[in-house]
Amino acid sequence: MYICLCRAVTESEVRSVVAEGASDTEQVVARCGAGTGCGGCRNALREVLASCGIAVEPCPLGPGAAPCGGSADGSDTMASMEGTGR
Ligand code: FES
């Protein structure tokens, strides 16, 4: 099942990069690109990473909030948003 439509990344691919050694959100995003497009998958990506034992910040807008936005060029990664209060 696709978790990130913008980058065509499946949940299985996310779990694979974690199994291959990605140990934090930034590494996962760097390896598979999930979350670097529109940002619509970021809450779902957080849930998958949490289920893999990766510490993630909860969505600052709370559960069920509209997805966080991202930049068109993908430079605004999920990791770069964490800690910014957005
Ligand atoms: S669906 Fe993942 S960044 Fe757009």
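Nothing here was measured: the structure is a model prediction, and the numbers come from that model. (Residues numbered from 1 in each chain as written. Predicted model: local features only at pLDDT ≥ 70, side-chain atom pairs only at ≥ 80, totals over all residues.)

Before going further, it helps to examine helix H2 (residues 25-32). Side chains that are three or four residues apart share a direction in an α-helix, a result of its 3.6 residues per turn. Three or more residues of H2 are buried, namely Thr 25, Val 28, Val 29 and Cys 32. Taken around the axis of H2, the buried residues stretch over an arc of 95°, which confines them to a single face. The positive-phi residue at the C-terminal boundary of H2 is Gly 33, with phi of around 85°. (Buried ≥ 20, exposed ≤ 12 C-beta atoms within 10 Å, placed from the backbone. Helix = DSSP H or I, 4+ residues; strand = E, 2+ residues; numbered from the N terminus. Arc of directions from axis to C-beta.)

This paragraph deals with the packing of helix H1 (residues 11-19) against H2. With their axes 10 Å apart at the nearest point, H1 and H2 run at an angle of 120° to one another. Comparing the axis directions of H1 and H2 gives the class oblique. The handedness of the crossing between H1 and H2 comes out as right-handed. Every residue of H2 that contacts H1 at Glu 13, Val 14, Val 17 and Val 18 is listed here: Val 28, Arg 31 and Cys 32. Looking at side-chain class alone, the contact of H1 with H2 contains five nonpolar, no polar and two charged residues. (Axes fitted to C-alpha atoms, helices over the stretch in contact; angles between N-to-C directions. Parallel < 35°, antiparallel > 145°, perpendicular 65-115°, else oblique. Left-handed = near helix turned anticlockwise from the far one by under 90°. Contact = placed C-beta atoms within 7 Å. Nonpolar A, V, L, I, M, F, W, Y, C, P; charged D, E, K, R; others polar.)

All right, on to the nonpolar core then. Most often, soluble globular proteins keep nonpolar side chains buried together rather than apart. In terms of nonpolar packing, the biggest core is built from 13 residues, with Ile 3, Cys 4, Val 9, Val 14, Val 28, Ala 34 and Leu 45 touching the most fellow members. Secondary-structure elements contributing two or more residues to this core are strand S1 (2-4), H1, H2 and helix H3 (42-51). Top element by residues in this core is H2. It accounts for three residues. (Core = buried A, V, L, I, M, F, W, Y, C linked by C-beta atoms within 7 Å.)

Close inspection of predicted coordinates is inappropriate in any region flagged by low pLDDT. For the chain, per-residue confidence averages 79 on the pLDDT scale, and residues scoring 70 or more make up 67% of the total. In this model residues 69-77 is a low-confidence stretch, pLDDT under 50, and it forms 13 contacts with partners more than four residues away in sequence or in other chains. (pLDDT = per-residue confidence, 0-100.)

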